[in-house]
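# Structural characterization, general
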Amino acid sequence: MAHCIVPEAEAILDKEFKVLDRGFIRLVDYLGGDQRIVQAARVSYGEGTKSYREDAALIDYLLRHEHTSPFEQVVLTFHIKLPIFVARQWIRHRTARVNEISGRYSVMRDEFFMPAPDALAPQSDDNKQGRASTPFDDRTATQIQEILAEGSKASYDRYKELIDLGLAREISRIALPLSLYTEWYWQIDLHNLFRFLMLRLDTHAQREIREYASTILELTRTVAPAATESFERHTLQGVRFSGPEIEEIRRRLAIGTELAPATSAAPQDSQPASSSRLSKKELERFEEKLKTGRQL
Ligand SMILES: Cc1cc2nc3c(=O)[nH]c(=O)nc-3n(C[C@H](O)[C@H](O)[C@H](O)COP(=O)(O)OP(=O)(O)OC[C@H]3O[C@@H](n4cnc5c(N)ncnc54)[C@H](O)[C@@H]3O)c2cc1C
């Protein structure tokens with residue numbers, strides 16, 4: 001009952017999992033696992049361990065009902081190497097504890113992120129924050145990579161020049177770009193880790209942080225497999241419906257209507273579609289949600 005040892009997690013402790021071109025994630029340590037979640041949840045009844053199936057069902061119940069505190073009893077610590085522009089997005093998750101390499105204390109290493117050709121795409125037409133799904137042709141991609149490589153090299157040369165001039169490291173580093181790699185220890189409890197994963201595995205999140213989130217998901221699975229499975233089932237693969245959307249589902253099930261596009265009724269964007277409380281836009285979003293299984 002005391003210290004939880006999870007053999008699958010023990011087997012990967014300290015192993016480096018590569019992310020992007022030079023980044024990595026290592027699981028440094030963990031506290032608790034599925035067992036700790038059920039122990040914490042059952043402490044009020046003084047009940048002991050039950051079968052794996054019963055424990056997994058309890059975890060699933062807790063997750064479905066957002067009984068979150070037992071998940072906070074599980075803590076994971078990662079060592080992560082990541083480009084600064086990814087770190088800037090990552091650090092917004094305030095519920096973690098972070099120790100980052102200090103550019104005031106150490107001379108930063110000459111390590112920059114270089115996107116692979118298939119990650120180089122024009123600005124998206126329909127997503128102001130993202131890039132299009134079709135990458136540039138090989139020639140343009142090579143040209144872009146050359147520009148990025150020249151920029152990184154020139155920045156690092158300037159940085160070294162300033163250091164060699166005797167300028168303090170803490171101010172010399174302002175010459176360095178966002179593609180520079182940094183490293184940190186990142187510790188977070190399982191409840192907040194799942195929130196991080198929900199936000200950063202979503203297709204709206206930037207591709208590079210999504211790649212880190214995918215690796216974190218797999219490492220988390222080794223520590224708490226039943227909780228991770230429930231999280232995938234209910235949160236990652238599930239969607240939320242509003243009251244009017246639920247009403248629409250009931251209406252369709254009751255009359256057996258096919259999931260046809262709402263455009264035939266041609267209501268105005270802000271007007272309810274015929275026999276539905278949803279406007280045309282809301283109906284389109286609702287149907288897209290049903291088709292894709294994505295939260296929109
Ligand atoms: C796809 C995407 C696009 C984004 N775009 C932008 C953008 O353009 N600009 C931008 O600035 N940010 C952007 N963000 C960051 C986003 O707004 C959040 O800051 C980030 O996702 C962290 O979420 P969080 O606050 O829920 O996480 P955490 O900081 O881990 O917090 C978890 C939860 O704890 C609670 N909490 C924690 N700290 C506090 C506090 N101090 N006060 C009150 N409640 C607290 C909140 O309920 C919070 O939801 C984006 C995020 C995503 C995923």
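Before reading further, recall that the structure is shown in the block above.
What comes next concerns the included structure. This structure is a prediction, so every number in the text was calculated from the model and none was measured.

Conventions used here
Residues numbered from 1 in each chain as written. Predicted model: local features only at pLDDT ≥ 70, side-chain atom pairs only at ≥ 80, totals over all residues. Helix = DSSP H or I, 4+ residues; strand = E, 2+ residues; numbered from the N terminus. Rg over C-alpha atoms; globule rule 2.2 N^0.38 Å. Buried ≥ 20, exposed ≤ 12 C-beta atoms within 10 Å, placed from the backbone. Contact = placed C-beta atoms within 7 Å. Near = placed C-beta within 6 Å. Nonpolar A, V, L, I, M, F, W, Y, C, P; charged D, E, K, R; others polar. Core = buried A, V, L, I, M, F, W, Y, C linked by C-beta atoms within 7 Å. Pairing = 2+ DSSP bridges. Axes fitted to C-alpha atoms, helices over the stretch in contact; angles between N-to-C directions. Parallel < 35°, antiparallel > 145°, perpendicular 65-115°, else oblique. Left-handed = near helix turned anticlockwise from the far one by under 90°.

## What about the overall build of the chain?
- A count of helical and extended segments in the chain gives twelve helices and five strands.
- By the compact-globule yardstick of 19 Å for 296 residues, the chain is too spread out, its C-alpha radius of gyration being 24 Å.
- On the principal axes, the C-alpha backbone points of the chain span a range of 75 × 60 × 30 Å.
- The 296 residues of the chain split such that 23% are buried.
- When contacts within the chain are restricted to residue pairs at least 6 apart in sequence, long-range pairs at least 24 apart make up 68% of them.

## Quick look at the environment of I246
- If you trace the backbone, I246 turns up in helix α11 (residues 243-255).
- Between the alpha carbons of I246 and F286 there is a distance of 9.9 Å; along the sequence they are 40 residues apart.

## Notes on the site of the ligand
- Residues in contact with the ligand, as listed here, are R92, H93, R94, T95, N192, R195, L199, H204 and A205.
- The residue inventory of the shell around the ligand, partitioned by class, reads two nonpolar, four polar and three charged.

## Describing helix α10 (residues 225-236)
- All of the buried residues in α10 are A226, A227, T228, S230 and F231.
- Check the buried side of α10 and you find it contacts α2 (34-42), α3 (52-64), α4 (69-72), α8 (190-200) and α9 (207-223).

## Overview of the nonpolar core
- Among the nonpolar cores identified, the biggest contains 42 residues, and I37, Y212 and A227 are the most heavily contacted of them.
- No other element matches α9, which puts six residues into this core.
- Setting aside its immediate chain neighbours within four residues, Y212 contacts V19, I25, L82 and V86.

## Quick word on the sheet that holds strand β5 (residues 181-189)
- With antiparallel pairing, the five strands of this open sheet are ordered in space as β1-β2-β3-β5-β4. Looking at strand neighbours, the two that pair on one side only are β1 (16-19) and β4 (97-100), the edges of this open sheet. Direction aside, neighbouring strands of the sheet carry axes that sit 25° apart on average.
- Across the sheet, α8 lies against β3 (75-83) and β5, angled at about 130° from β5, the strand it touches most.

## Quick look at the packing of α3 against α10
- Closest axis-to-axis distance for the α3/α10 pair is 9 Å, and the angle between their directions is 45°. When the interaxial angle is binned, α3 and α10 end up oblique. Handedness of the crossing formed by α3 with α10: right-handed. Where α3 abuts α10, its residues D55, A56, I59, D60, L63 and R64 lie against A226, A227, S230, F231 and H234.

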